[in-house]
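# Examination of the molecular architecture
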Amino acid sequence: MSEETAPYGTGPAQQPAPAGGTPARRIRTHHLREMKQRGERFAMLTAYEQYAAQTFDEAGIEVLLVGDSASNNVLGNETSLPITVDELLPMVRAVTRAAKRALVVADLPFGSYQASPEQAYLTAVRFMKEANAHSVKLEGGLAMVPQVRKLVEGGIPVMAHIGFTPQSEHTLGGYRVQGRGDAASQVVAEARALEEAGAFAVVMEMVPGDVAAEVTAAVGIPTIGIGAGNRCDGQVLVWQDAFGLRTGKMARFVKQYADVHGVLLGAARTFADEVRDGSFPGPEHTF
(Lines give C-alpha, C1' and ligand atoms only; values in the text may rest on other atoms or scores of the structure.)
Protein backbone atom coordinates (compact mmCIF):
# COMPACT_ATOMS: atom_id res chain seq x y z
CA MET A 1 0.00 0.00 0.00
CA SER A 2 1.41 3.40 -0.95
CA GLU A 3 2.01 6.18 1.55
CA GLU A 4 -0.73 8.24 -0.11
CA THR A 5 -3.34 5.61 0.77
CA ALA A 6 -1.98 4.55 4.15
CA PRO A 7 -4.88 3.57 6.46
CA TYR A 8 -6.03 4.65 9.89
CA GLY A 9 -4.50 8.10 9.84
CA THR A 10 -0.94 6.84 10.23
CA GLY A 11 0.44 7.68 6.81
CA PRO A 12 1.85 10.99 5.57
CA ALA A 13 -1.32 11.75 3.59
CA GLN A 14 -3.34 11.67 6.82
CA GLN A 15 -1.29 14.19 8.77
CA PRO A 16 -2.62 17.71 9.47
CA ALA A 17 -1.53 20.29 6.92
CA PRO A 18 0.83 22.98 8.24
CA ALA A 19 0.44 26.65 7.32
CA GLY A 20 1.81 26.06 3.81
CA GLY A 21 -0.93 23.55 3.07
CA THR A 22 1.33 20.54 2.43
CA PRO A 23 0.54 17.51 4.63
CA ALA A 24 3.31 16.57 7.04
CA ARG A 25 5.16 13.43 6.02
CA ARG A 26 5.94 10.76 8.59
CA ILE A 27 9.69 10.24 8.90
CA ARG A 28 10.57 6.64 8.03
CA THR A 29 13.82 4.77 8.41
CA HIS A 30 14.64 5.10 4.71
CA HIS A 31 14.24 8.87 4.94
CA LEU A 32 17.13 8.99 7.41
CA ARG A 33 19.31 6.98 5.08
CA GLU A 34 18.40 9.28 2.20
CA MET A 35 19.36 12.26 4.36
CA LYS A 36 22.76 10.70 4.98
CA GLN A 37 23.24 10.18 1.26
CA ARG A 38 22.43 13.84 0.64
CA GLY A 39 24.76 14.96 3.42
CA GLU A 40 21.89 16.31 5.55
CA ARG A 41 21.99 15.99 9.32
CA PHE A 42 19.06 15.25 11.60
CA ALA A 43 18.16 15.65 15.27
CA MET A 44 16.95 13.16 17.85
CA LEU A 45 15.65 13.89 21.34
CA THR A 46 14.29 11.74 24.11
CA ALA A 47 10.59 12.06 24.94
CA TYR A 48 8.59 10.22 27.57
CA GLU A 49 5.12 11.81 27.51
CA GLN A 50 2.70 13.53 25.19
CA TYR A 51 3.48 17.23 25.65
CA ALA A 52 7.23 16.96 25.18
CA ALA A 53 6.65 14.67 22.20
CA GLN A 54 4.13 17.06 20.66
CA THR A 55 6.42 20.05 21.18
CA PHE A 56 9.51 18.39 19.75
CA ASP A 57 7.49 17.06 16.84
CA GLU A 58 6.21 20.57 16.11
CA ALA A 59 9.81 21.82 16.26
CA GLY A 60 10.77 19.45 13.46
CA ILE A 61 12.84 16.95 15.44
CA GLU A 62 13.12 13.97 13.11
CA VAL A 63 13.48 11.17 15.68
CA LEU A 64 12.04 10.77 19.18
CA LEU A 65 13.61 8.18 21.47
CA VAL A 66 11.53 6.82 24.32
CA GLY A 67 14.65 5.82 26.15
CA ASP A 68 15.28 3.57 29.09
CA SER A 69 16.76 6.81 30.42
CA ALA A 70 13.20 7.38 31.64
CA SER A 71 14.38 5.25 34.56
CA ASN A 72 16.55 8.06 35.94
CA ASN A 73 14.80 11.03 34.27
CA VAL A 74 11.17 10.19 35.04
CA LEU A 75 10.99 7.40 37.64
CA GLY A 76 13.71 8.65 39.98
CA ASN A 77 16.12 5.72 39.77
CA GLU A 78 19.87 6.29 39.86
CA THR A 79 20.51 4.45 36.57
CA SER A 80 18.68 3.11 33.54
CA LEU A 81 18.86 -0.49 34.75
CA PRO A 82 15.73 -0.80 36.95
CA ILE A 83 13.08 0.24 34.41
CA THR A 84 10.88 -2.57 33.09
CA VAL A 85 9.05 -3.26 29.86
CA ASP A 86 5.71 -2.71 31.57
CA GLU A 87 6.85 0.68 32.90
CA LEU A 88 8.17 1.83 29.53
CA LEU A 89 5.25 0.68 27.37
CA PRO A 90 2.79 3.43 28.46
CA MET A 91 5.42 6.09 27.80
CA VAL A 92 6.02 4.80 24.28
CA ARG A 93 2.27 4.69 23.69
CA ALA A 94 1.90 8.31 24.79
CA VAL A 95 4.68 9.51 22.51
CA THR A 96 3.44 7.65 19.44
CA ARG A 97 -0.04 9.07 20.00
CA ALA A 98 1.34 12.61 20.20
CA ALA A 99 3.97 12.62 17.43
CA LYS A 100 2.51 13.15 13.97
CA ARG A 101 5.71 13.35 11.98
CA ALA A 102 8.72 12.08 13.96
CA LEU A 103 10.00 8.52 13.85
CA VAL A 104 9.47 7.04 17.33
CA VAL A 105 12.10 4.62 18.64
CA ALA A 106 11.46 2.52 21.75
CA ASP A 107 14.36 1.38 23.91
CA LEU A 108 14.44 -2.25 24.96
CA PRO A 109 15.15 -2.26 28.72
CA PHE A 110 18.00 -4.13 30.36
CA GLY A 111 17.31 -7.85 30.65
CA SER A 112 14.54 -7.88 28.05
CA TYR A 113 16.58 -8.94 25.01
CA GLN A 114 20.09 -10.10 25.91
CA ALA A 115 19.20 -13.73 26.68
CA SER A 116 18.42 -14.75 23.11
CA PRO A 117 17.18 -13.52 19.74
CA GLU A 118 13.81 -15.06 20.57
CA GLN A 119 13.54 -13.08 23.81
CA ALA A 120 14.49 -9.91 21.94
CA TYR A 121 11.84 -10.55 19.31
CA LEU A 122 9.05 -11.21 21.80
CA THR A 123 9.94 -8.03 23.73
CA ALA A 124 10.12 -5.93 20.58
CA VAL A 125 6.76 -7.27 19.39
CA ARG A 126 5.16 -5.94 22.58
CA PHE A 127 6.47 -2.45 21.86
CA MET A 128 5.28 -2.61 18.25
CA LYS A 129 1.82 -4.05 19.03
CA GLU A 130 0.96 -2.59 22.43
CA ALA A 131 2.62 0.83 22.11
CA ASN A 132 2.63 1.40 18.33
CA ALA A 133 6.39 1.99 18.28
CA HIS A 134 7.86 2.55 14.84
CA SER A 135 11.16 0.84 15.70
CA VAL A 136 13.22 -0.33 18.66
CA LYS A 137 16.73 0.27 19.95
CA LEU A 138 19.04 -2.15 21.70
CA GLU A 139 22.55 -1.83 23.08
CA GLY A 140 25.60 -3.90 22.21
CA GLY A 141 28.01 -4.74 19.44
CA LEU A 142 28.94 -8.08 17.93
CA ALA A 143 27.10 -10.05 20.61
CA MET A 144 23.82 -8.43 19.55
CA VAL A 145 24.14 -9.25 15.84
CA PRO A 146 21.87 -12.35 16.15
CA GLN A 147 19.23 -10.30 17.97
CA VAL A 148 19.31 -7.57 15.33
CA ARG A 149 19.05 -10.10 12.52
CA LYS A 150 16.12 -11.89 14.18
CA LEU A 151 14.18 -8.66 14.70
CA VAL A 152 14.78 -7.37 11.19
CA GLU A 153 13.80 -10.71 9.66
CA GLY A 154 10.60 -10.46 11.72
CA GLY A 155 9.76 -7.04 10.31
CA ILE A 156 10.95 -4.87 13.20
CA PRO A 157 13.29 -1.93 12.39
CA VAL A 158 16.27 -1.82 14.74
CA MET A 159 18.49 1.05 15.84
CA ALA A 160 21.76 -0.20 17.28
CA HIS A 161 23.83 1.41 20.06
CA ILE A 162 27.58 0.98 20.50
CA GLY A 163 30.47 2.68 22.28
CA PHE A 164 29.51 3.36 25.86
CA THR A 165 26.34 1.38 26.52
CA PRO A 166 24.69 2.49 29.80
CA GLN A 167 23.06 -0.89 30.44
CA SER A 168 26.57 -2.37 30.64
CA GLU A 169 28.07 0.32 32.86
CA HIS A 170 29.14 -2.18 35.54
CA THR A 171 30.94 -4.35 33.00
CA LEU A 172 32.57 -1.31 31.40
CA GLY A 173 33.76 0.06 34.73
CA GLY A 174 31.50 3.09 34.86
CA TYR A 175 30.94 6.00 32.51
CA ARG A 176 34.07 5.85 30.38
CA VAL A 177 34.90 6.80 26.81
CA GLN A 178 35.03 3.75 24.55
CA GLY A 179 37.05 3.13 21.38
CA ARG A 180 40.31 4.85 22.19
CA GLY A 181 43.58 3.63 20.74
CA ASP A 182 43.61 0.01 19.64
CA ALA A 183 39.92 -0.34 20.50
CA ALA A 184 38.94 1.99 17.64
CA SER A 185 38.96 -0.82 15.10
CA GLN A 186 36.49 -2.76 17.24
CA VAL A 187 33.98 0.10 17.10
CA VAL A 188 34.24 0.19 13.30
CA ALA A 189 33.86 -3.60 13.09
CA GLU A 190 30.80 -3.54 15.34
CA ALA A 191 29.09 -0.86 13.29
CA ARG A 192 29.71 -2.75 10.06
CA ALA A 193 28.44 -6.01 11.54
CA LEU A 194 25.28 -4.36 12.85
CA GLU A 195 24.66 -2.75 9.47
CA GLU A 196 25.09 -6.13 7.77
CA ALA A 197 22.61 -7.64 10.26
CA GLY A 198 20.03 -5.09 9.15
CA ALA A 199 20.17 -2.21 11.65
CA PHE A 200 18.83 0.98 10.04
CA ALA A 201 20.98 3.31 12.20
CA VAL A 202 23.59 3.15 14.95
CA VAL A 203 24.02 5.35 18.01
CA MET A 204 27.59 5.95 19.15
CA GLU A 205 27.94 7.15 22.73
CA MET A 206 31.13 8.58 24.27
CA VAL A 207 33.32 7.60 21.34
CA PRO A 208 36.29 9.77 20.25
CA GLY A 209 35.29 12.13 17.48
CA ASP A 210 37.82 10.84 14.98
CA VAL A 211 36.66 7.26 15.52
CA ALA A 212 33.01 8.25 15.12
CA ALA A 213 33.91 10.05 11.90
CA GLU A 214 35.61 6.89 10.63
CA VAL A 215 32.52 4.83 11.42
CA THR A 216 30.26 7.36 9.73
CA ALA A 217 32.33 7.09 6.56
CA ALA A 218 32.55 3.30 6.75
CA VAL A 219 28.85 2.46 6.93
CA GLY A 220 25.91 3.25 4.70
CA ILE A 221 23.43 3.61 7.56
CA PRO A 222 23.10 6.84 9.55
CA THR A 223 25.20 7.31 12.67
CA ILE A 224 23.84 9.23 15.67
CA GLY A 225 26.26 10.73 18.12
CA ILE A 226 26.03 11.49 21.80
CA GLY A 227 29.44 12.54 22.99
CA ALA A 228 30.90 11.38 19.67
CA GLY A 229 31.82 14.61 17.91
CA ASN A 230 30.09 16.56 15.17
CA ARG A 231 30.77 14.36 12.17
CA CYS A 232 27.96 11.90 12.81
CA ASP A 233 24.85 12.04 10.64
CA GLY A 234 22.62 12.92 13.59
CA GLN A 235 22.86 13.96 17.22
CA VAL A 236 20.81 12.95 20.26
CA LEU A 237 20.47 14.35 23.77
CA VAL A 238 18.25 13.66 26.76
CA TRP A 239 15.82 16.56 26.71
CA GLN A 240 15.88 17.19 30.46
CA ASP A 241 19.64 17.71 30.18
CA ALA A 242 19.60 19.78 26.98
CA PHE A 243 16.82 22.12 28.07
CA GLY A 244 17.74 22.51 31.72
CA LEU A 245 14.97 20.69 33.55
CA ARG A 246 17.63 18.65 35.33
CA THR A 247 20.11 20.58 37.43
CA GLY A 248 23.56 19.74 38.69
CA LYS A 249 26.68 18.51 36.95
CA MET A 250 26.22 17.55 33.31
CA ALA A 251 28.22 15.29 31.04
CA ARG A 252 30.78 17.08 28.90
CA PHE A 253 28.79 16.40 25.74
CA VAL A 254 25.65 18.17 27.00
CA LYS A 255 24.87 21.68 25.80
CA GLN A 256 22.05 23.40 27.66
CA TYR A 257 19.74 25.39 25.40
CA ALA A 258 17.28 26.61 28.04
CA ASP A 259 16.61 26.83 31.79
CA VAL A 260 13.29 25.02 32.08
CA HIS A 261 13.94 24.34 35.76
CA GLY A 262 14.30 28.06 36.41
CA VAL A 263 11.10 28.88 34.52
CA LEU A 264 9.09 26.25 36.40
CA LEU A 265 10.60 27.23 39.73
CA GLY A 266 9.71 30.87 39.24
CA ALA A 267 6.18 30.06 38.09
CA ALA A 268 5.57 27.71 41.03
CA ARG A 269 6.81 30.31 43.52
CA THR A 270 4.57 32.98 42.02
CA PHE A 271 1.57 30.65 42.17
CA ALA A 272 2.27 29.81 45.80
CA ASP A 273 2.69 33.48 46.72
CA GLU A 274 -0.60 34.45 45.04
CA VAL A 275 -2.48 31.63 46.79
CA ARG A 276 -1.07 32.68 50.15
CA ASP A 277 -1.82 36.39 49.74
CA GLY A 278 -5.30 35.72 48.34
CA SER A 279 -4.76 37.32 44.92
CA PHE A 280 -5.44 34.01 43.18
CA PRO A 281 -8.04 33.11 42.19
CA GLY A 282 -9.26 36.55 41.17
CA PRO A 283 -12.75 37.51 39.96
CA GLU A 284 -11.82 36.52 36.39
CA HIS A 285 -11.06 32.97 37.60
CA THR A 286 -14.29 32.59 39.60
CA PHE A 287 -17.68 31.37 38.39
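First, a word on scope: everything that follows refers to the structure included in this document.

Each value, and the rule that gives it
- Within each chain, residues carry numbers counting from 1 in the order of the written sequence.
- Owing to the predicted nature of the model, reporting of local features is limited to residues with pLDDT of at least 70; listing and counting of side-chain atom pairs is limited to 80 or more, with chain, interface and lining totals taken over all residues.
- Excluded from the side-chain calculation are hydrogens and water; included are all heavy atoms of the structure.
- The secondary structure listing takes helices from DSSP runs of H or I that are at least 4 residues long and strands from runs of E that are at least 2 residues long, numbered from the N terminus.
- When accessible area is computed with a 1.4 Å probe and restricted to protein chains, residues below 20% of their type maximum are described as buried, those above 50% as exposed, and intermediate ones as partly exposed.
- The Shrake-Rupley method, run with a 1.4 Å probe sphere, supplies the accessible areas, and residue values consider only the shown protein chains as cover.
- Multiplying 1.5 Å by the helix residue count minus one yields the expected span of that helix.
- Two residues qualify as a contact provided that any one of their heavy atoms is within 4.5 Å of a heavy atom in the partner residue.
- Counting of polar contacts relies on pairs of N or O atoms within 3.5 Å, with two restrictions inside protein: one atom must be capable of donating a hydrogen and the other of accepting it, and residues adjacent in sequence are counted only when both atoms are side-chain atoms.
- With axes taken as lines fitted to C-alpha atoms, and helix axes fitted only over the stretch in contact, angles between N-to-C directions fall between 0 and 180 degrees.
- Handedness of a crossing follows from how the near helix is turned relative to the far one, being left-handed for an anticlockwise turn of less than a right angle and right-handed for a clockwise one.
- Just so you know the grouping, Ala, Val, Leu, Ile, Met, Phe, Trp, Tyr, Cys and Pro go in nonpolar, Asp, Glu, Lys and Arg go in charged, and all remaining residues, Gly too, go in polar.
- Any Phe, Tyr or Trp ring, taking Trp's six-membered ring, that has another such ring centre within 6.5 Å forms a pair; planes under 30 degrees apart are called stacked, those over 60 apart edge-to-face, and the others tilted.
- The rule is short: NZ of Lys or CZ of Arg within 6 Å of the ring centre and within 35 degrees of the ring normal puts a charge over the ring.
- We score Asp and Glu as negative and Lys and Arg as positive, and we do not count His or the chain ends.
- Each salt bridge in this description consists of a side-chain nitrogen of Lys or Arg and a carboxyl oxygen of Asp or Glu lying within 4 Å of one another.

## Section: the overall build of the protein chain
When you go through the protein chain residue by residue, the secondary structure sums to 11 helices and eight strands. Looking at the protein chain as a whole, 47% of its 287 residues are labelled buried. As presented, the protein chain carries roughly 14500 Å² of accessible surface, and 53% of it is formed by carbon and sulfur atoms.

## Details of helix H4 (residues 85–98)
Its 14 residues place the ends of H4 20 Å apart at the C-alpha level, agreeing with the 20 Å of an ideal helix rising 1.5 Å per residue. The complete set of buried residues in H4 reads Val85, Leu88, Leu89, Met91, Val92, Val95, Thr96 and Ala98. On its buried face, H4 is in contact with helix H2 (50–59), strand E2 (63–66), helix H3 (70–73), strand E3 (103–107) and helix H5 (117–130).

## A look at the side chain of lysine 36
Tracing the backbone through its elements, the reader meets lysine 36 in helix H1 (residues 29–38). In this structure the side chain of lysine 36 is engaged in a polar contact, spanning 2.9 Å, whose partner is the backbone oxygen of threonine 216. In this structure, lysine 36 is in contact with Thr216, Val219, Gly220, Ile221, Pro222 and Asp233, ignoring residues within four places of it in sequence.

## Side note on the packing of H4 against H5
In contact at an axis separation of 9 Å, H4 and H5 are set at 35 degrees when each is read in the N-to-C sense. For the element pair H4 and H5, the recorded crossing hand is right-handed. Mapping the contact onto sequence places Val85, Asp86, Leu88, Leu89, Val92 and Arg93 in H4 and Thr123, Arg126, Phe127 and Glu130 in H5. Here the residues of the contact of H4 with H5 are counted per class, giving five nonpolar, one polar and four charged.

## Describing the packing of aromatic side chains
Following the criterion strictly, the structure yields five aromatic pairs and no others. For the ring pair phenylalanine 243 and tyrosine 257, a centre distance of 6.4 Å and an interplane angle of 75 degrees mean the geometry is edge-to-face. Of this pair, phenylalanine 243 sits in the loop between helix H10 (239–242) and helix H11 (260–277) while tyrosine 257 is found in the loop between H10 and H11, placing the two residues 14 residues apart along the sequence. Members of the aromatic cluster, joined through ring pairs, are Phe56, Trp239, Phe243 and Tyr257. The ring of tyrosine 121 has lysine 150 lying over it, and the distance from NZ or CZ to the ring centre is 5.8 Å.

## Quick look at the side chain of aspartate 57
By the secondary structure assignment, aspartate 57 is in helix H2. It turns out aspartate 57 is buried and unbridged, and the closest side chain with the opposite charge, arginine 26, is 5.5 Å from it. Of the polar contacts made by the side chain of aspartate 57, one reaches the backbone nitrogen of arginine 101; its length is 3.1 Å. Aside from chain neighbours lying at most four places away, what touches aspartate 57 is Ala98, Ala99, Lys100, Arg101 and Ala102.

## Looking at the pattern of salt bridges
Think of it this way: side chains of opposite charge can pair up when their charged atoms draw near. Applying the stated rule across the entire model yields eight salt bridges. A salt bridge links aspartate 273 to arginine 276; its shortest N-O distance comes to 3.8 Å. Here arginine 276 and aspartate 273 lie together in helix H11, a separation of three residues that amounts to about one turn.

## What to know about the environment of asparagine 77
Tracing the chain through its elements places asparagine 77 in the loop between H3 and H4. For asparagine 77, a relative accessible area of 27% puts it in the partly exposed group. Apart from the residues within four sequence positions on either side, asparagine 77 is in contact with Ser71, Asn72, Pro82 and Ile83.

## With respect to unusual backbone geometry
In this structure, proline 281 follows phenylalanine 280 across a cis peptide bond, with omega equal to 0 degrees. Relative to the elements of secondary structure, proline 281 occurs in the segment after H11. Even without a glycine there, the phi angle at asparagine 132 is positive, about 60 degrees. Inspection of the secondary structure puts asparagine 132 in the loop between H5 and strand E4 (135–139). Looking at asparagine 132, the relative accessible area reads 46%, which means it is partly exposed. Even without being glycine, methionine 206 reaches a positive phi, approximately 50 degrees. Inspection of the secondary structure assignment puts methionine 206 in the loop between strand E6 (201–205) and helix H9 (209–218). Methionine 206 gets classed as buried once you look at its relative accessible area, which sits at 13%.

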